[in-house]
Structures are given as C-alpha cells and as structure tokens.
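# Examination of the molecular architecture
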Amino acid sequence: MPLALLLSRIRLPPAAMASTRSASSARLVRASRAEANPVVREVKRESSVSFDISKPESPSVKRKRVKRELEENGEHPVKQVVPDIEDFRYDKTKALISSSKATPPLVKVEKKARVSAVIKENWEAVLRGIKNMRLSGQAPVDTKGCEKAGSLLPPKERRFAVLISTMMSSQTKDEVTHAAVERLSENGLLDPDAIVRTDEAMLANLIKPVGFYQRKAQFIKEASKICLERFGGDIPDSLNELLALRGVGPKMAHLVMSIAWKNTQGICVDTHVHRISNRLGWVFREGTKQKTTTPEQTRISLEKWLPKDEWEPINPLLVGFGQTICTPLRPKCDMCGINNLCPSAFKESSSPNPKQKKTRSP
C-alpha cells in the first residue's frame, strides 16, 4: 500500500491535531518575525555564543575611578558619611596590629621575664647563703647519704656498695637506706657474687622497710649478675650502661657516676633539688615561664645555666637544705638566711594551724 494512502487513513484525536497545528503556527510566527527584524536575530545569535569574562570592578576601585572622573570634570567628590561594606571586612593584619596594642598582658609577661632574670643574676648570693646554712653538716645526707656507703671498702667494692645504696634510695629516706646497707654489710652481701647466690626473699627481708623492697631486691639481684658477667664484678662506668640496668633512672645514674667514678656528666636531681629549684625560680619548662613538673625537666633546665663546677656539690647541698630548712611541708622560712632573696619565702604556712578547741558554754 502506498505511504500516502496509509497516512491518509490514520486519524489523530482532535486534541493532538490541535496541538500539532498550534506548534506549527508558532514556528511560522517566530520565523516571520526573525525575517522581518534581522537585527534582533543577529543580536540573539551573538549573545548565545559570547560570554563576558571580565573581572567585576571592586568597590574600592570603583570609588577611586569615580573620584578621578569627578576631579577631571572639576567637581569635588562628596565625602561619604556612611562607611562602605568593604570597610567592615576582617583584616587579619590590622587585627594583629591592633591586638599588639593591648599592653596589659604583654606587660605582665615582660615583668615576669625580668623577675626571672633578676633571680638568675642573684643565684650566686643565694647559693652562698645556702652554703653558709649548711656549714653545720647536721642533715641526714651528711652522714647517711649514698656517698657514705662502703666508705671503708676498697675502690671496686665501694663502687658496688654505692650502686646498691643508690638503687635502694628511691622514695626512701637516707636513714632507712643507710640502715639497709649496714644490714647487707653485716651479712656479707655488699658483694655481687654473694648477692647472686642469696635467695631473693631473704634479700628483700634484709633491705625492708626500704620503699618497694621486694621489687628492689629483684633489681639488685639482676644488676649483680650483670656486674659479674659483663664487668668482672665491677659496675658500669658509663651513663648508658648504668641506665640499662633495671631500677636505675637518670638521677641514680648521674649520682653513681659522680660518686663512684668521679665523672660528673650531669646534675643529680632528686625530690629536694626539684622542689627547691622551683621555689627559688631557677628552673622553667622548655619555652615557658612555668615551673618544671618532673626532676628530669629540672635537671635539663639547671644544666643550661648553672656552671659545671657546681653540678656535683649542688645535690648534697640542696638535699641537706631541704631536709632541715626548706622542707616539703611547712618550710622554716623564718630561719632561712636567704628569705630576702627567695621569691617563695613565707608563701607557705610555716606551722600548722592549731585546731581551736571547742569550749562548752556554762
């Protein structure tokens, strides 16, 4: 069947036929308009393919351009009363400059730094005053400190006694440590070979009531075995080898090096040195003006400025001072010869507050 005959037989619904006729008529109208007005057609063609990529003019540039045009025309621009929105933008540079004008915080920091500098300048006078107070030699460290261990023994045996005494001294008073060393000496146990052959429980019982005596007995046996196997019964002669022994920390290692080997490589900082150095304002945490929180921080801070010839004597000096006058609780500031130089003087209660007795009314 021919295509024309087939199309003539197809009948569309009235609505579809109407929409088709309307669409066709609309296209005819647009085409006739475009032909009648070729300028519009050309403009539309150009706008469909061209884009404006120029950067928009900023408000500040616009103000400058208008001002320049007015001046060229002999007119004077009217002063803007209401600030432009651009004036309210956050400018980080201006904010930093304006914040630097806030003098109160900076004044406080500078004042604190100056006070610290003054304290550092007076350290010789402070140290001299502490030495004068320690001339009596009545502190426990003067007669029962670790350096007194095995003082009558030959050098090799004495070094081992110093190591054992130092390992027991942690968190223990000098009197208690000294008594434990005496008991070991009486039982012939200030010798690495004898300690290795001794039962650990018996060793712990002998050094009791040293703090953590059971664990320390284990560490002492292990250290004695290492001294026998690697050092011929002597003790290590370097910081790294001493620190490799279980139960030996930086404080102990530096103390043993100073006492046993006469080789001071750092300051021995215990709880007394740590506390007093902070009270005197001698030490600060790295990069801050805050107190140190650990003995190791104190050691690092002290070693940065204290002359090396003071590294060895500073420990027994401050330990004895802390045992007699600058005590942990209720320091005796009224008896202290440097209370006029100490920034912490009289800031802690020198005596306990007596409890007031309640009296019954008659």
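Per an unreviewed UniProt entry, the protein goes by Endonuclease III homolog and derives from Urochloa decumbens. Per UniProt, the protein has the following entry under Subcellular location (unreviewed entry): "Plastid, Chloroplast stroma, Chloroplast nucleoid".

The next point concerns empty space enclosed by the protein. A water-sized probe rolled over the atoms picks out the places where empty space is left. Taken as a whole and judged by the stated rule, the model has one cavity of 30 Å³ or more. Computed from the structure, the largest cavity encloses a volume of approximately 150 Å³. In this structure, the largest cavity is lined by 16 residues; those nearest its centre are C326, P331, C333, C336 and C342. Class assignment of the residues belonging to the lining of the largest cavity gives a composition of 11 nonpolar, two polar and three charged.

All right, on to helix 10 (residues 174–186) then. Its 13 residues give helix 10 an end-to-end C-alpha distance of 18 Å, which sits within 8% of 18 Å, the value for a rise of 1.5 Å per residue. Where the residues of helix 10 are buried, they touch helix 8 (140–144), helix 9 (155–169), helix 12 (200–207) and helix 18 (311–324). Backbone geometry just downstream of helix 10 places G188 in the positive-phi region, at approximately 65°.

Bringing the nonpolar core into the picture now. Core analysis: the biggest nonpolar cluster contains 39 residues, and L163, M168, L184, L242 and V248 have the highest contact counts within it. When residues of this core are traced back to their parent elements, those giving at least two are helix 9, helix 10, helix 11 (192–196), helix 12, helix 13 (213–231), helix 14 (239–243) and helix 15 (250–259). Here the element with the most residues in this core is helix 9; it accounts for seven residues. For L184, the contacting residues outside a window of four places in its chain are I164, M168, L189, L190, L203, L206 and I207. In terms of nonpolar packing, the next biggest core, distinct from the first, is built from 27 residues, V126, V269, V319 and A345 among them.

The tally for this structure, following the rule as stated, stands at eight salt bridges. Salt-bridge contacts for E222 lead to R246; the nearest nitrogen and oxygen are separated by 2.7 Å. Of this pair, E222 sits in helix 13 while R246 sits in the loop between helix 14 and helix 15, and the two are 24 residues apart along the sequence. Judged by relative accessible area, which is 30%, E222 ranks as partly exposed. Since its relative accessible area comes to 44%, R246 is described here as partly exposed.

Attention now moves to the confidence of the model for the protein. Per-chain confidence: the protein averages 78 in pLDDT, with 65% of residues scoring 70 or above. This stretch, residues 79–115, has a pLDDT under 50; its non-local contacts, to residues over four places away or in other chains, come to nine contacts. Between residues 350–362, whose pLDDT stays under 50, and residues either more than four places distant or in other chains, the model counts four contacts.

Take the environment of G137 next. Among the secondary structure elements, G137 is positioned in the loop between helix 7 (123–133) and helix 8. By relative accessible area, which is 30% here, G137 ends up partly exposed. Measuring from C-alpha to C-alpha, the distance between G137 and F321 comes to 9.9 Å, with 184 residues separating the pair along the chain.

Omega for the bond connecting K208 with P209 falls within 30 degrees of zero, at 15°, which places this linkage in the cis form. Inspection of the secondary structure puts P209 in the loop between helix 12 and helix 13. With phi around 55°, F212 is a residue other than glycine that occupies positive phi space. Mapped onto the fold, F212 is located in the loop between helix 12 and helix 13. The exposure class of F212 is exposed, given its relative accessible area of 56%. Residue K262 is not a glycine yet carries a positive backbone phi of 55°.

About the cut-offs
- Residues numbered from 1 in each chain as written.
- Predicted model: local features only at pLDDT ≥ 70, side-chain atom pairs only at ≥ 80, totals over all residues.
- Heavy atoms only, no water.
- UniProt positions renumbered as here; feature names shortened; annotations may be inferred.
- 1 Å grid on protein atoms, 1.4 Å probe; cavity = no way out; pocket = protein on both sides within 12 Å on 5 of 7 lines; lining within 4 Å.
- Points joined across faces, edges and corners; volume = space filled by probe spheres on them.
- Nonpolar A, V, L, I, M, F, W, Y, C, P; charged D, E, K, R; others polar.
- Helix = DSSP H or I, 4+ residues; strand = E, 2+ residues; numbered from the N terminus.
- Expected span 1.5 Å × (residues − 1).
- Contact = heavy atoms within 4.5 Å.
- Core = buried A, V, L, I, M, F, W, Y, C linked by side-chain atoms within 4.5 Å.
- Buried < 20%, exposed > 50% of the residue type's maximum accessible area, 1.4 Å probe, protein only.
- Salt bridge = Lys/Arg side-chain N within 4 Å of Asp/Glu carboxyl O.
- pLDDT = per-residue confidence, 0-100.

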